[in-house]
Amino acid sequence: MSPLLPRYGDRSLAEVMPAVLSALGVPVREGKSAIVVPPSRAIAVLLVDGLGAQLLRENAADAPFLSSLRDIGPLTVGFPSSTSIGLTTLGTGRTPGTHGVVGIAMRADDGTMLDTLTWSRHGEKGHVDLREQLVPEAVQCEQTMWQYASEHGIETYAVAPRTFAGSGLTRAALRGTTYRGTLAIGDVVADVHAALHGTGRRLCYAYHADLDLMGHVHGPGSAPWRAQLRMVDLLAEQIATSLPTDAQLLITGDHGMVTIDDRLDADVLPELRAGVSALGGDPRSRHVYAEPGAAVDVLAAWRATLGERAWVLSRQEALAEGWFGPSTPAVRGRIGDVVVAMRGTSAVVRSRAEPLLAKLDGQHGSLTEAEQLVPLLHALPE
C-alpha cells in the first residue's frame, strides 16, 4: 500500500480559492488552477469539517441533496490531513510547506510547542494563550486569499462560529475578511444569504464543525454521525435554494476520517521516547523532534516499532516525496526530524499529554484515501 500523495498545484485545497477568484474576475495570482469554476458575480464556499469523499459516497442515502450535486473533485487536502492545516491551505492558496502551519501541534520558530487549533501551548494543563508570543500573522505571514480578493474589489465575508472570532487560527487563515459569528445552522443560512445578496462582486466562506465532532466522539459512519450528516445536507440545500440568480455554491471538506482500533502510546513505550525531545502532530500524523545528534536513531526506532502500521520518513525524505508541497527554509525547521503517517486503522496516541485526544474513536491526519480525498460539490441557483 502506497500513500496517497497530495496533488498540490493540480487538485488540492490550495487550488480552490484561486479558481473561485478567477470565476469572480480576479487575475490569477500565479500559475493556473486545474479546477474550473464558471464565471459568477457572487460565490459561497461551504467547508464542512470532516466531509470526506469516501464517507459521503458510503452514506449517500443520508445526504440526498449533496449526493445529487456535480462533484468537480475529488480533491486531496494536503498533509497532514487535519483542520488547521486544511483551513490555512484553503485560506492562503499555499501548500503547508509554504504557509507554515504544518501540524495540529508543531514546534514554532522559538522552540515552543504550539497547538495550532487553539493557539495555545501544547501539552500543558489549562489554556496558555500564545497569540502575543507567537503572533498569528507572523507565524503564517503569507497573504490570504481574502486579502488578495479585497485588493481586487471583491467584498468578502466569513460565516463561522462566534467563538472562533479573533482566534489565532482565524487570524492566520481568514484575515482580511468581514467575520460574521454564528451560533447555529439557522444563522449560517441567514448570514450567507445576506452576504451574497448585496450589490457588486461578493465572496462568502462558511464553516460547519459538528460533523467532525460527531466523527471524533462516536466514529465516522456511526448513528450520531449519520444524523449530523443529514443536518449538513439540509444546511447545504437551504443555502443553495436561497442563492441569488447570479451566484453559485461550492461545498468541500478539510479531511475525511477513519475509526481507530489499534493504539500505540508514545507516552509509555520506551522505544518511542528514546532520543525524542518533543512530539507534535496528532494521532494519525506525527512530527517527531529528536534531541541533538539522535535523529538517525529515532528514525530507526520509530520504523522498527511501527513497522507496517505507518510510513515513517526523515524530514528530508518527506520533503522530497512532496508530503508538504513546495517549502521555504523558514518552514522546514517546523517539520519533525522524523515524520509519521499512519496506515490502516492505527494511531500513535499520547495518554498523558493528550488524554482526551487519545480516547477518540475517529481520527484523521494521514495519507490514506479515506483521509485525503474530499468532494468539491457545485450547486447553481434553482
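Anything mentioned here points back to the structure above.
Residues numbered from 1 in each chain as written. Predicted model: local features only at pLDDT ≥ 70, side-chain atom pairs only at ≥ 80, totals over all residues. Heavy atoms only, no water.

A. Spotlight on the overall build of the protein chain. Helix and strand counts for the protein chain come out as 16 helices and 20 strands. Over its C-alpha trace the protein chain gives a radius of gyration of 20 Å, about what one expects of a compact globule, namely 21 Å for 382 residues. In the protein chain, once contacts between residues fewer than 6 apart in sequence are set aside, the share between residues at least 24 apart is 73%. Here the protein chain displays about 14200 Å² of accessible surface, and carbon together with sulfur accounts for 54% of that area. Averaging the positions of the 33 positive and the 42 negative side-chain charges in the protein chain gives two centres separated by 2 Å. (Helix = DSSP H or I, 4+ residues; strand = E, 2+ residues; numbered from the N terminus. Rg over C-alpha atoms; globule rule 2.2 N^0.38 Å. Contact = heavy atoms within 4.5 Å. Areas by Shrake-Rupley, 256 points an atom, 1.4 Å probe, with all protein chains shown as cover. Lys, Arg positive; Asp, Glu negative; His and termini not counted. Charge placed at Lys NZ, Arg CZ, Asp CG, Glu CD.)

B. The packing of aromatic side chains, seen in detail. Tallied over the entire structure, the rule returns four aromatic pairs. Ring geometry for F164 versus Y207: centroids 6.3 Å apart, planes at 55°, classification tilted. Residue F164 is found in the loop between β7 (155-161) and α8 (168-174), and its partner Y207 is found in strand β9 (residues 202-208); the two are separated by 43 residues along the sequence. An aromatic cluster is defined as three or more aromatic residues linked by ring pairs; in this entry it consists of F79, W323 and F324. One cation-aromatic arrangement involves R29 over Y148; the distance from NZ or CZ to the ring centre is 5.8 Å. (Phe/Tyr/Trp six-rings, centres within 6.5 Å; stacked < 30°, edge-to-face > 60°. Lys NZ or Arg CZ within 6 Å of the ring centre and 35° of its normal.)

C. How the structure looks around the pairing of β7. The element β7 is extensively covered by neighbouring structure, given that six of its seven residues are classed as buried. As paired elements, β7 and β9 share five bridges and run parallel to each other. Paired with E155 across the bridge in β9 is R202. Strand direction decides the pairing type here: β7 and strand β8 (residues 178-182), joined by five bridges, are parallel. Counterpart to P161 in the pairing with β8 is T182. Once you follow β7 into α8 and on to β8, the crossover reads as right-handed. (Buried < 20%, exposed > 50% of the residue type's maximum accessible area, 1.4 Å probe, protein only. Pairing = 2+ DSSP bridges. Right-handed = clockwise from strand over helix to strand, strands pointing away.)

D. Seen up close, the sheet that holds strand β13 (residues 276-279). Strand order in the open sheet made by the four strands is β13-β14-β16-β15, with antiparallel pairing throughout. Where the open sheet ends on each side, the last strands, each with one partner, are β13 and β15 (310-314). On average, each strand axis in the sheet is inclined to that of its neighbour by 20°, with strand direction left out of account. In this structure, β13 lies alongside strand β14 (residues 285-290), joined through three bridges in antiparallel fashion. Its bridge partner being in β14, L279 is matched across the sheet by V288. Sitting on the sheet, helix α12 (residues 295-306) touches β13, β14, β15 and β16 (338-342), and the angle it makes with β15 is about 170°. (Axes fitted to C-alpha atoms, helices over the stretch in contact; angles between N-to-C directions.)

Everything listed here is a matter of coordinates, which is why it stays silent on function.
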